[in-house]
Amino acid sequence: MQNQFSRTQLLLGAEAMDKLKTARVAIFGIGGVGGYVVEALARAGVGHFDLIDDDVVCLTNINRQIHATIKTVGHPKVEAGKERILLINPHAEVETHQTFFLPDTKDQFDFTKYDYVVDAVDTVTAKLLIIEEAQKAGVPVISCMGCGNRVDPSKLEITDIYKTVKDPLSKVMRRELKKRGVKKCTVLYSTETALSPIEDPEISCREHCVCPPNSPRSCNDRRAIPASSPFVPPAAGLMIASKVAMDLIGFDHVAREKEDLEKKLKKRELFRTGRALREKLKDA
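Cut-offs applied
Residues numbered from 1 in each chain as written. Predicted model: local features only at pLDDT ≥ 70, side-chain atom pairs only at ≥ 80, totals over all residues. Heavy atoms only, no water. 1 Å grid on protein atoms, 1.4 Å probe; cavity = no way out; pocket = protein on both sides within 12 Å on 5 of 7 lines; lining within 4 Å. Points joined across faces, edges and corners; volume = space filled by probe spheres on them. Helix = DSSP H or I, 4+ residues; strand = E, 2+ residues; numbered from the N terminus. Nonpolar A, V, L, I, M, F, W, Y, C, P; charged D, E, K, R; others polar. Axes fitted to C-alpha atoms, helices over the stretch in contact; angles between N-to-C directions. Parallel < 35°, antiparallel > 145°, perpendicular 65-115°, else oblique. Left-handed = near helix turned anticlockwise from the far one by under 90°. Contact = heavy atoms within 4.5 Å. Pairing = 2+ DSSP bridges. Patch = residues over 30% accessible without salt bridge, like charges linked within 9 Å, V, L, I, M, F, W, Y side chains within 5 Å. Areas by Shrake-Rupley, 256 points an atom, 1.4 Å probe, with all protein chains shown as cover. Salt bridge = Lys/Arg side-chain N within 4 Å of Asp/Glu carboxyl O. Lys, Arg positive; Asp, Glu negative; His and termini not counted. Charge placed at Lys NZ, Arg CZ, Asp CG, Glu CD. Core = buried A, V, L, I, M, F, W, Y, C linked by side-chain atoms within 4.5 Å. Buried < 20%, exposed > 50% of the residue type's maximum accessible area, 1.4 Å probe, protein only.

Turning our attention to empty space enclosed by the protein. Empty space among the atoms becomes apparent when a probe as large as a water molecule is rolled across them. A full pass over the atoms with the stated rule returns one cavity of 30 Å³ or more. Approximately 50 Å³ is the volume attributed to the largest cavity. Taken together, I30, G35, V38, E39, A42, I66, H67, G81, R84, I85 and I88 make up the full set of residues lining the largest cavity. Contributing elements (two or more residues each) for the lining of the largest cavity: α3 (32-44) and α4 (77-88). Along the lines of polarity and charge, the residues of the lining of the largest cavity split into six nonpolar, three polar and two charged.

Now the structure itself:
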């Protein structure tokens, strides 16, 4: 029977869709990157989500965050994300955690329940802890490095943290993970050199903060406020979601290409055999 995931099933198969349906993915950080991870995984058919973020939607999020609209300003990001998931798949199970993941809140989370963990938070302390807790639980994790102050999504790559270059956040993460004995970690990062935000007092968040009254932090609480584009964070989220989904189903692209080629060759051979047989019968 046709459903909202039929076109994906035509590409991946019924067995893969069953795996996605039963998978549970935790996304830490439901912002420009994390929001698109949630969106794509929901549309791929993932059936169980944990959304973790303490923030609420701000007017300045609208340029890059899929759940951010004029209507959702002031709403908790995890609830906005949950609403979108259920509009796509009413049967999905979604647990929301409106909290900031740090050492004093980590005991609220059992990482062994997850099939995959996505780190899309901004702070180094939280990123390190998420990676450590996931690896301790034996759960695959992918961590997103810096996407702010960039405009070129073609510079995004998925690789191991120790193979990253040029990105300042990746450099810090490499150093800190090495200190903690973490030997490998899959990350998404950009090789694009980060640009410097233009200084414009008319739209300065420092001077004209528009954070909702219920926001856990104001612009004055932030050490730095990066510029952002509608191109890089969404593309990063979609790439991460693809990596997560393909890993969950054990997709082997090379093997699939080989299988497709063998089918085409077999079909071509049958066509040639049939044509030769028809010509033989015609001459008989």
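Glancing now at the packing of α3 against helix α7 (residues 232-249). Where α3 contacts α7, the two axes come as close as 7 Å, and the packing angle between them is 45°. Taken together, the axis directions place α3 and α7 in an arrangement best described as oblique. Crossing of α3 against α7: the hand is right-handed. Taking contact as the criterion, the partners of G32, V33, Y36, V37, A40 and L41 in α3 are, on α7, P233, P234, A236, G237, L238, I240, A241, V244 and A245. Grouping the amino acids of the contact of α3 with α7 by side-chain chemistry returns 13 nonpolar, two polar and no charged.

Quick look at the sheet that holds strand β1 (residues 24-28) now. Read across the sheet, seven strands follow the order β3-β2-β1-β4-β5-β7-β6 without closing on themselves; strand pairing throughout is mixed. Single-partner strands in this sheet number two, and they are β3 (93-97) and β6 (156-160). Pairs of neighbouring strands in the sheet enclose a mean axial angle of 15°, with direction left out of account. Bridge count for β1 against strand β2 (residues 48-52) is five bridges, and the pairing is parallel. If you follow V25 over to β2, its bridge partner there is F49. Across the face of the sheet, α4 comes into contact with β2 and β3 while running at roughly 175° to β3.

So, on to the layout of surface pockets. Approximately 330 Å³ is the volume attributed to the second largest pocket. Taken together, 15 residues make up the lining of the second largest pocket; nearest its centre are F5, M17, K21, G45 and N89. Of the residues forming the lining of the second largest pocket, the biggest block, four residues, is contributed by helix α2 (residues 14-22). Across the lining of the second largest pocket, the residue classes tally to four nonpolar, eight polar and three charged.

A separate point is a positive patch on the surface. Residues K264, R268, R272, R275 and R278 make up a contiguous surface patch of positive charge. Note on placement: R272 falls in helix α8 (residues 253-283).

We now examine the nonpolar core. Counting 39 residues, the largest nonpolar core has V25, I27, L41, F49, L51, I240 and V244 as the members making the most contacts within it. Elements with a contribution of two residues or more to this core: α2, β1, α3, β2, α4, β4 (116-119), β5 (141-144) and α7. Here the element with the most residues in this core is α7; it accounts for nine residues. In this structure, L41 is in contact with V25, V46, F49, A241, V244 and A245, ignoring residues within four places of it in sequence. Formed by 15 residues, the second largest nonpolar core is a distinct cluster that contains F28, V117, I130 and V139.

Evaluated as defined, the whole model comprises 18 salt bridges. Measuring nitrogen to oxygen at the nearest pair gives 3.8 Å for the salt bridge that ties R180 to E132. Taken together, the residues R180 in the loop between α6 (168-179) and β7 (186-190) and E132 in helix α5 (residues 124-136) connect sequence positions 48 residues apart. The class for R180 is partly exposed, based on a relative accessible area of 38%. Across the salt bridge formed by K136 and E133, the nearest N and O atoms sit 3.1 Å from each other. Taken as a pair, K136 and E133 lie in helix α5 at a separation of three residues, close to a single helical turn. Here K136 falls in the exposed class, since its relative accessible area comes to 62%.

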